[in-house]
Each structure stands twice: as structure tokens, then as C-alpha cells.
Amino acid sequence: MNIPVNDVHIGKAIDEQREKLKLSKSEFGRRIGVPQQHVNRILERDTMETKRLVKVCQELNFNFFSLFCPLHTQQISAYLSAISLDCLLYTSPSPRDRG
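None of the values given here were measured: they were computed from a predicted structure.

Caption draft 1: View of the overall build of the protein. Summing up its helical and strand segments, the protein has five helices and zero strands in all. Mapped from its N terminus to its C terminus, the protein presents α and β elements in the order α-α-α-α-α. Scored against the burial criterion, the 99 residues of the protein give a buried share of 22%. Intrachain contacts of the protein at a sequence separation of at least 6 include 64% that bridge at least 24 residues. Carbon and sulfur atoms make up 53% of the accessible area of the protein, which totals about 7,800 Å².

Caption draft 2: Structural detail: the nonpolar core. Core analysis: the largest hydrophobic core is formed by 17 residues, its most contacted members being Ile14, Phe28, Leu53, Val56 and Phe64. For this core, the secondary-structure elements that each account for two or more residues are α1 (10-20), α2 (25-32), α3 (36-44) and α4 (50-60).

Caption draft 3: Broad picture of the side chain of Arg18. For Arg18, the location among the structural elements is in helix α1. When near neighbours in sequence (up to four residues on either side) are disregarded, Arg18 contacts Leu23, Ser24, Lys25, Phe28, Leu43 and Leu60.

Caption draft 4: Fine view of the pattern of salt bridges. Scanning the entire structure with this criterion turns up five salt bridges. Note that Glu19 and Arg18 form a salt bridge whose closest N and O atoms lie 3.7 Å from each other. By relative accessible area, Arg18 is classed as buried at 7%. The residue Glu27 makes a salt bridge to Arg31 at a minimum N-O spacing of 3.1 Å. Taken as a pair, Glu27 and Arg31 lie in helix α2 at a separation of four residues, close to a single helical turn. A residue is classified by how much of its surface remains accessible, and Arg31, at 31% relative accessible area, is partly exposed. Through salt bridges with shared partners, a single network forms among Asp15, Arg18 and Glu19.

Cut-off values and rules
Residues numbered from 1 in each chain as written. Predicted model: local features only at pLDDT ≥ 70, side-chain atom pairs only at ≥ 80, totals over all residues. Heavy atoms only, no water. Helix = DSSP H or I, 4+ residues; strand = E, 2+ residues; numbered from the N terminus. Buried < 20%, exposed > 50% of the residue type's maximum accessible area, 1.4 Å probe, protein only. Contact = heavy atoms within 4.5 Å. Areas by Shrake-Rupley, 256 points an atom, 1.4 Å probe, with all protein chains shown as cover. Core = buried A, V, L, I, M, F, W, Y, C linked by side-chain atoms within 4.5 Å. Salt bridge = Lys/Arg side-chain N within 4 Å of Asp/Glu carboxyl O.

This is the structure:
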């Protein structure tokens, strides 16, 4: 199976999201539990420990893991269709309930 995996500089991606949120480096560091001096090193690195990346995802409200293996539009559509159908089946009243 050939699974496409993108080459992502995770530090740059994090910094872009941090800037979008107008979050200072010191506040970002406080939120993820690292000293401000260490924040610059994080943003310069192209790799990161998974556990720390999970914390960054939570604090910046962004799934950085999706940058590595994005779902194709067709996969997303099929997934959403399945969820919608499942939701419809379990929430729609049956003809017996209507009367």
C-alpha cells in the first residue's frame, strides 16, 4: 500500500499557527509547559516528540498530525456521508413514531 506522507517542518507549521492566533512565544511556552528560551528551539526544529506535539495541538487548537498524511477530499466526503447516514438512521423517527 502506498501511503503519501508529506515532508513537514513542524516548527514552522507551529509558528504559523501561533502567529495566526496572535499568541506570543512566551504565552505559547507557558501553555505547553516549556521555558520561553526553549520555544525558539522548538520552532526551529523540523521534528518533535509525539507527546509534546499532542500538547501543542491541544493548545493551538490545530491537528498538526494531519499535515503529514492529509485525507483526500474523496475520503473525507465518504467519511462524512457515512457519519450522516449513521446519524440519520439513529435520529430519524420511524413511520410508527409519526402518528
